[in-house]
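For reference, the chains in residue letters:
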Amino acid sequence: MTQPDEIINKEILRINLHLPRARKSLAKLLNEDTPKVQLRDGSFHYFKREELEYLKSLLEEWELERLNLPIVLEITTAWHGYFRVRGEIEVKVIEKILGTYDILEEKKEVTLPRYLLPKIRKTLPTTTTYAFIME
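Everything numeric in this text was worked out from a predicted model, so none of it was measured.

### Structural notes on the overall build of the protein chain
In step 1: Secondary structure assignment for the protein chain yields 5 helices and 8 strands.
In step 2: Mapped from its N terminus to its C terminus, the protein chain presents α and β elements in the order α-β-α-β-β-α-β-β-β-α-β-α-β.
In step 3: On C-alpha atoms alone, the protein chain measures out to a radius of gyration of 16 Å, which is about the 14 Å that the 2.2 N^0.38 rule sets for 135 residues.
In step 4: Residues classed as buried in the protein chain amount to 40% of the 135 residues present.
In step 5: Look at the contacts in the protein chain between residues 6 or more apart in sequence, and 58% of them connect residues 24 or more apart.
In step 6: In the structure as shown, the protein chain presents an accessible area of about 8,100 Å², 53% of it carried by carbon and sulfur atoms.

This is the structure in structure tokens:
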């Protein structure tokens, strides 16, 4: 008999088929004629060049190789009303967009209220994506 957690985990895997098989660095995407990543379902996700250039303008040259796209906005069952962003450069980008970036703080992870999601997605529609996580 299938356990409820197994069913939930299979469903989460299904709804996360839109996630990339592997993310690519901003530096690599900027050098591609058609910047894209392959998704878990086999299709492709294309990035808008203007958006990639905007991200480049937010970062130092050495950070371009360290920013992997798309930036994953994690929606988890553990925090009702919040989402998480992981990765030092990813957090820097999100905080710069939100106007909360502090050069003196180096964060590898940040938890933010979900009401900020529309601002992030409006600014970075092709370079961010949602991931649904069971914790």
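### Overview of the pattern of salt bridges
In step 1: With the rule as written, the count across this model stands at 9 salt bridges.
In step 2: The salt bridge partner of glutamate 88 is lysine 108, with a shortest N-O separation of 3.5 Å. Of this pair, glutamate 88 sits in helix α4 (residues 88–98) while lysine 108 sits in the loop between α4 and β7 (109–113), placing them 20 residues apart in sequence.
In step 3: Between lysine 107 and glutamate 95 there is a salt bridge, with its nearest N and O atoms 2.7 Å apart. One end of the pair, lysine 107, is in the loop between α4 and β7; the other, glutamate 95, is in helix α4, with 12 residues separating them in the sequence.
In step 4: The exposure class assigned to lysine 107 is partly exposed, which follows from its relative accessible area of 25%.
In step 5: Looking at glutamate 95, the relative accessible area reads 4%, which means it is buried.
In step 6: Three or more residues are tied together by salt bridges with common partners; here these are Arg66, Glu88 and Lys108.

### Some points on the packing of aromatic side chains
In step 1: Under the definition given, this model contains 1 aromatic pair.
In step 2: A cation over an aromatic ring shows up here: lysine 36 above the ring of phenylalanine 44, its NZ or CZ 5.5 Å from the ring centre.

### Some thoughts on the side chain of threonine 129
In step 1: Within the secondary structure, threonine 129 is located in strand β8 (residues 128–133).
In step 2: According to the relative accessible area criterion, threonine 129 is buried, its value standing at 10%.
In step 3: With residues up to four places along the chain from it excluded, the contact list for threonine 129 reads His18, Leu19, Pro70, Ile71, Val72, Leu73 and Arg121.

### Brief notes about the side chain of glutamate 63
In step 1: With respect to the element layout, glutamate 63 can be found in the loop between α3 (49–58) and β4 (68–69).
In step 2: Not counting the four nearest positions on each side in its chain, glutamate 63 is found in contact with Ile89 and Lys92.

About the thresholds
- Residues numbered from 1 in each chain as written.
- Predicted model: local features only at pLDDT ≥ 70, side-chain atom pairs only at ≥ 80, totals over all residues.
- Heavy atoms only, no water.
- Helix = DSSP H or I, 4+ residues; strand = E, 2+ residues; numbered from the N terminus.
- Rg over C-alpha atoms; globule rule 2.2 N^0.38 Å.
- Buried < 20%, exposed > 50% of the residue type's maximum accessible area, 1.4 Å probe, protein only.
- Contact = heavy atoms within 4.5 Å.
- Areas by Shrake-Rupley, 256 points an atom, 1.4 Å probe, with all protein chains shown as cover.
- Salt bridge = Lys/Arg side-chain N within 4 Å of Asp/Glu carboxyl O.
- Phe/Tyr/Trp six-rings, centres within 6.5 Å; stacked < 30°, edge-to-face > 60°.
- Lys NZ or Arg CZ within 6 Å of the ring centre and 35° of its normal.

Geometric values such as these leave the question of function open.
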